[in-house]
Every structure is written in C-alpha cells, then in structure tokens.
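Examination of the molecular architecture
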Amino acid sequence: TVRLSLEVLELCVLLFPGLVCPLEVSVSSGSIQVARGQTAVLPCTFTTNAALTNLNVIWMVIPLSNANQPQQVILYQGGQIFGGAPQFYGRVGFAVTMPTTSASIFINNTQLSDTGTYQCLVNNLPDRGVRNIGVIGLTVLVPPSVPLCRIQGSLDVGSDITLTCSSEEGIPRPTYLWEKLDNVPKLPPTATQDQVQGTVTLRNISTVSSGLYQCVASNAIGTSTCLLDLQVIAPHPRSIGLIAGAVATGAVVLVVCIVLVAVALFYWKNKHKEEEEEEIPNEIR
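Per chain, residue numbering runs from 1 following the sequence as it is written. Only residues with pLDDT of at least 70 get local features here, since the model is predicted, and only at 80 or more are side-chain atom pairs given and counted; chain-wide, interface and lining totals rely on the full set of residues. Each side-chain value is derived from all of the structure's non-hydrogen atoms; neither hydrogens nor water enter the calculation.

Below, the discussion takes up the sheet that holds strand E13 (residues 161-166). Two strands make a pair as long as DSSP finds a minimum of two bridges between them. Here a helix means four or more residues in a row that DSSP labels H or I, a strand means two or more in a row labelled E, and each is numbered from the N terminus. If you walk across this open sheet you meet the four strands as E12-E13-E16-E15, and the pairing is antiparallel. The strands lining the two open edges of the sheet, one partner per strand, are strand E12 (148-152) and strand E15 (192-194). Strand-to-strand twist of the sheet, defined as the mean angle between neighbouring strand axes without regard to direction, takes the value 15°. Pairing geometry for E13 and strand E16 (residues 199-202), over four bridges, is antiparallel. From the neighbouring strand, Thr162 faces E16, where its bridge partner is Thr201. Axes, fitted as lines to C-alpha atoms, cover a helix only where it is in contact. Angles between the N-to-C directions of the axes lie from 0 to 180 degrees.

Moving on, we come to the state of the cysteines. Here, the term disulfide refers to a pair of cysteine sulfur atoms separated by no more than 2.5 Å. As enumerated under the stated definition, the model contains three disulfides in all. Bridging Cys44 to Cys120, the disulfide has an S-S length of 2.1 Å. The chirality of the disulfide connecting Cys44 with Cys120 is left-handed, given an S-S dihedral of about -75°. Of the two residues, Cys44 is situated in the loop between strand E3 (40-42) and strand E4 (45-47) and Cys120 in strand E10 (residues 116-124); the sequence distance between them amounts to 76 residues. Residue Cys44 shares its accessibility class with Cys120, and that shared class is buried. Cys149 shares a disulfide with Cys226; S-S distance 1.7 Å. As the torsion about the S-S bond is roughly 55°, the Cys149-Cys226 disulfide counts as right-handed. Three labels apply to residues, based on accessible area from a 1.4 Å probe with only protein chains included: buried if under 20% of the type maximum, exposed if over 50%, partly exposed otherwise in between.

Shown next, in the form of structure tokens:
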C-alpha cells in the first residue's frame, strides 16, 4: 500500500508539478490484540510530497467503556510532543523519532481501559489529504481470574446438587470445565454440565459422589483453577437405630392399646349380659 501511494505521488508531481498532491495515511492492520500489561504498537504511516516542517500528528481514542468521550492520546505539533489524557501519562510515545513518515505509537503496560478504537490523524501543509486518517482497534486481553467454586443444594444422600464456578475477570469471556480428580470418567454419566455458565448438576448423590472436584476457567490467553472438596452426608447408624427403636416402641404401644380396648369391650359385654339376666327374673315375679 505504501509503495503504491509513493508511485501515485511521484506520478502526481511529474504530471502536475504546479499542484499540491494529496497526503495519504495507511495502517497495516485493522485491529490488534495484546495481553494486559504488555506493550501494544499501533502502526500508522503516511505519504507526502512536502517537507515535514509543518507536520501535525494527533492520535485520538474512542474508549470501549465510554464511546461518548473521545480522548487525546498523544500529539506532535511544531516539532514538539504533547501528552494526552491522564491515563496515558508515562506510557505512550512515538515508535520512531519524529518527524518522519511513520506516525506509529506504542502503549506500555496496557490496561483494560485502553481497549477502544484509535485514530491517527496526519496533516502536513501544503499537502492536503482526502484520506488523512487511519483507524485501528485495540483490544486488551485479560486471563481468567481465580474462579470461585460453590455448592448449591443439600449434601444428604439422594439429593440433587449444583456446583458453580465463575471468574470475576476474563477477556474474552472464559469457559469452564468441571471434573472429578479421583474418578474415571471425570464426571458421572448422569451429570449435566454447562461450560458457558460454569455449572454442573449431580443427581441422586451418594457417598461415591464424595471427592475432590476441580473447575478450570480458560480463555485465549490463560487458565485458572479452583478446587472443591465434596463430602456427601450419609445417615448415621445411631440415627437409624433410634428410628428403628422408635418404630418398634410405637408398634408395641399400639398392640397394648388394642389389647386393652379388647379387654374393656369384653368386660363391658359380660357385665351388660349379667345385668340383663338379673332383670328377667324380676320381670317374671
């Protein structure tokens, strides 16, 4: 692209020596990705037929976090370099000693807030350019932070539980993979896992479900893990004995009650019969 632009400028000068030929800006890439904390180099070159004595280069950014507030990144004007927004102080500079036809800049120790759309605007009088702005996107990538593992639901035998896993940071958005470290296969066949939401559901858990579970959060530039010790609660033998004893006691009490009722009915019937027999002779008399 630069070679073609130079050929166009040379042709312009040869054919129309009395005219002011256009200035043209180009970028070698439409977007750049860099891990947080690393250095990003934003390329910008331009072609011009005029001397660089009146060169004016300004870099602007439209932050992803606040598209309504464009910010100045760095400025070259009148042979001097001026800083931009406070967030860039001490971190931004031109990649090549100015003035030159390379207006590329670097950003050290990139931060998440640096993500946005950058514009390289070049003016070099008397040349005037129709295409004197270059646009390039910068995305600062962040590895997943240490995820938080949790258990939702009762740990009693026979219950259904859900294991959750989530990282507060991560660009691009992390995916999550659960596995049981001391088991093959890594999860029971009945387990339902959602790698986007970071959840896995275990149904009808038993003491076999107990063990150490691991969640791995990962994206394009890194991974992070958390561990969860799952211990299923089995019924206590003493509790089983108490329940069985209570049931047996209840049965004995019920039997005793039935016997007492039967005895009472039998006694009542006999007494009632004797009273009737005593009344019959009295009536005869």
